[in-house]
Amino acid sequence: MIDPNWTCGRYAPSPTGSQHLGNALTALAAWGIARAAGARFVLRMDDLDTQRCRPEYDRMVLDELAWLGLDWDEGPDRGGPHAPYRQSQRSEQYQAALQRLTEAGRTAQCWLSRKDLSELASAPHGHPQPYGPQERQASDAVAQQRQADGMAPAVRFRLNGERRTVQDRLRGARTVDLEAELGDPVLYRRDGMFGYQLATVIDDHQMGVDHVVRGHDLWGDAALQATVGEVLGAREPAWVHLPLVVDSEGTRLSKRRGEWTLEALRAQGASAALIRGWVANQLGLTPTADALSPTALIARFAQATTMKTHDIMLRADDLAQITRSSH
Ligand code: GLU
């Protein structure tokens, strides 16, 4: 599963609150896999969303990751050759990439508002359909008028009907019809914020990341990111998309519903060694959820030939496992 030739891994949290147990699993796996491969490990703050990201959460995330036992060679608090490590400070890099995509003929202005888009999509399933031919046409139809009105356009990546197959180390191959499933992604928003798809691709490329370990909710995006990266001359990283952690109703954990955040778990006496043991056990690396040191966790990843891929549903039992007072 792990390639000893890998040279750089990363964890890219959004500082919007205390990390929950699902984030902890992703962070420990991304770090453990990078270290097991003998690779560098980069910590990058995905803090583009200035509405939801806050400096106090940024500090909180750094503290929580250190508490979990992670260390990083480069990051917002340590600097490094690819600084800055906060996306909110990397506009220059994103602007340059956007320029190159435009020169390559792969961007298009989008003059539609969110309201326009949802009206166009008045589809029965009720969520916006992928941005495609119909939307492009509607945007072109209003472009002149809106420009005259002084409105600013968003910029989107222009898909060319691509289908792309990505190989995940755990999950095998998946072919994504980018236009039908995802649509032209936003690279630059009307409010001046750069898009996740652009920022992630550029950062991973510039920081030398050659394997990406994250939740499988982003597996479909991998095909899109590889496509955008290709236009920019980026080599596609290896992908490892991890199971998600869900609550007893099967809903993905959220930082807003606080009961499974590290902040709440620590207040209930959770130990980092037990969380490491729980993560190893849930991923199928160990038969029991006994406490593990950071070094022992790395060793488990190094020995692993595969990992579990199904989502992890939390029960009261899990809480007991990570807060056992005897440790
Ligand atoms: N910042 C994203 C998140 O917290 C992760 C992005 C990625 O790993 O590509 O979900």
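Scroll up to find the structure this text is about.
How each quantity is defined
- Residues numbered from 1 in each chain as written.
- Predicted model: local features only at pLDDT ≥ 70, side-chain atom pairs only at ≥ 80, totals over all residues.
- Heavy atoms only, no water.
- Helix = DSSP H or I, 4+ residues; strand = E, 2+ residues; numbered from the N terminus.
- Rg over C-alpha atoms; globule rule 2.2 N^0.38 Å.
- Areas by Shrake-Rupley, 256 points an atom, 1.4 Å probe, with all protein chains shown as cover.
- Lys, Arg positive; Asp, Glu negative; His and termini not counted.
- Charge placed at Lys NZ, Arg CZ, Asp CG, Glu CD.
- Contact = heavy atoms within 4.5 Å.
- Near = heavy atom within 4 Å.
- Polar contact = N/O pair within 3.5 Å; in protein donor to acceptor, adjacent residues only side chain to side chain.
- Phe/Tyr/Trp six-rings, centres within 6.5 Å; stacked < 30°, edge-to-face > 60°.
- Lys NZ or Arg CZ within 6 Å of the ring centre and 35° of its normal.
- Buried < 20%, exposed > 50% of the residue type's maximum accessible area, 1.4 Å probe, protein only.
- Pairing = 2+ DSSP bridges.
- Axes fitted to C-alpha atoms, helices over the stretch in contact; angles between N-to-C directions.
- Parallel < 35°, antiparallel > 145°, perpendicular 65-115°, else oblique.
- Nonpolar A, V, L, I, M, F, W, Y, C, P; charged D, E, K, R; others polar.

**Q** Give a description of the overall build of the protein chain that names residues and reports values.
**A** Per the secondary structure count, the protein chain includes 12 helices and 11 strands. Relative to the globule expectation of 20 Å for 327 residues, the C-alpha radius of gyration of the protein chain, 21 Å, shows essentially globular dimensions. Counting only C-alpha atoms, the protein chain reaches 70 × 40 × 35 Å along its principal axes. Approximately 14800 Å² of the protein chain is accessible, and the part contributed by carbon and sulfur atoms is 47%. Looking at the protein chain, you have 37 positive and 41 negative side-chain charges, and the mean spots of the two groups are 1 Å apart.

**Q** Tell me about the side chain of Thr26, and please be specific about residues and values.
**A** Of note, Thr26 is situated in helix α1 (residues 21-36). The contacts of Thr26, once residues within four sequence positions are left out, are Tyr11, Val213, Arg214, Gly215 and Leu242.

**Q** Which residues make up the site of the ligand, and what values go with them?
**A** Near the ligand the following residues occur: Arg10, Ala12, Ser14, Asp46, Tyr196, Thr200, Arg214 and Leu218. At a separation of 3.2 Å, a nitrogen atom of the ligand approaches a polar side-chain atom of Ser14. For the ligand, the protein covers 75% of the area, taking 290 Å² as the surface of the free molecule.

**Q** I'd like to hear about the packing of aromatic side chains, residue by residue, with values.
**A** Across all of its chains, the model carries 2 aromatic pairs by this definition. Within the aromatic cluster, the residues linked to one another by ring pairs are Tyr94, Tyr188 and Phe194. The aromatic ring of Tyr131 is capped on one face by Arg156, whose charged end is 3.8 Å from the ring centroid. Between Arg174 and the ring centre of Trp219, over which it is positioned, the NZ or CZ distance is 5.0 Å.

**Q** A description of the pairing of strand β5 (residues 163-168) should follow, citing residues and the corresponding values.
**A** Burial along β5 is one-sided: the residues Arg164, Val166 and Asp168 are buried and none of Arg163, Thr165 and Gln167 is. Of the strand pairs in this sheet, β5 and strand β6 (residues 172-177) are connected by 6 bridges, and their pairing is antiparallel. Within β6, the residue paired with Arg164 across the bridge is Val176. Between β5 and β6, which follow one another and run antiparallel, lie 3 residues.

**Q** Tell me about the packing of α1 against helix α10 (residues 272-282), and please be specific about residues and values.
**A** Two numbers describe a pair of packed helices, the interaxial angle and the distance between the axes. Following both chains from N to C, one finds α1 and α10 inclined at 80°, their axes separated by 10 Å at the closest point. Classified by the interaxial angle, the pair formed by α1 and α10 is roughly perpendicular. Where α1 abuts α10, its residues Leu21, Leu25 and Leu28 lie against Ile275, Arg276, Trp278 and Val279. Residue classes in the contact of α1 with α10 are distributed as 6 nonpolar, no polar and 1 charged.

**Q** Describe in detail the environment of Gly258, supporting the description with residues and values.
**A** Position of Gly258 among the secondary structure elements: in the loop between β10 (245-246) and α9 (262-267). Between the C-alpha atoms of Gly258 and His20, which are 238 residues apart in sequence, the distance is 7.9 Å.

**Q** Which residues make up α10, and what are the values?
**A** Burial analysis of α10 places 10 of its 11 residues in the buried class, which makes it a mostly covered element. Those residues of α10 that fall on the buried side of the exposure criterion are Ala272, Leu274, Ile275, Arg276, Gly277, Trp278, Val279, Ala280, Asn281 and Gln282. For α10, the N-terminal cap is Ser271; the gap from its side-chain oxygen to the backbone nitrogen of Ala273 is 3.4 Å. Residue Gly284 follows α10 closely and has a positive phi angle near 80°.

**Q** Before we move on, could you go through the packing of α1 against helix α11 (residues 294-303) and cite the residues and values that matter?
**A** One can describe the packing of α1 onto α11 by two numbers: an axis separation of 8 Å at closest approach and a directional angle of 75°. Looking at the two axes, α1 sits roughly perpendicular to α11. Residues Leu28, Ala29, Trp31, Gly32, Ile33, Arg35 and Ala36 of α1 lie in contact with α11, whose contacting residues are Pro294, Leu297, Ile298, Phe301 and Ala302. Residues that form the contact of α1 with α11 fall into these classes: 10 nonpolar, 1 polar and 1 charged.

**Q** Describe in detail the environment of Gly250, supporting the description with residues and values.
**A** Residue placement: Gly250 occurs in the loop between β10 and α9. Sequence-wise, Gly250 and Met313 are 63 residues apart; in three dimensions their C-alpha atoms are separated by 6.6 Å.

**Q** Please set out the sheet that holds strand β7 (residues 186-188) residue by residue, giving values where relevant.
**A** Within the open sheet, the 3 strands sit side by side as β3-β4-β7. Their pairing is antiparallel. Taken across any chain shown, the strands that pair with only one partner, and hence form the sheet edges, are β3 (107-110) and β7. Averaged over all pairs of adjacent strands, the angle between their axes in this sheet comes to 40°, without regard to strand direction. Sheet analysis places β3 next to strand β4 (residues 154-157), joined by 4 bridges and oriented antiparallel. When the sheet's bridge partners are listed, Ala108 is paired in β4 with Arg156.

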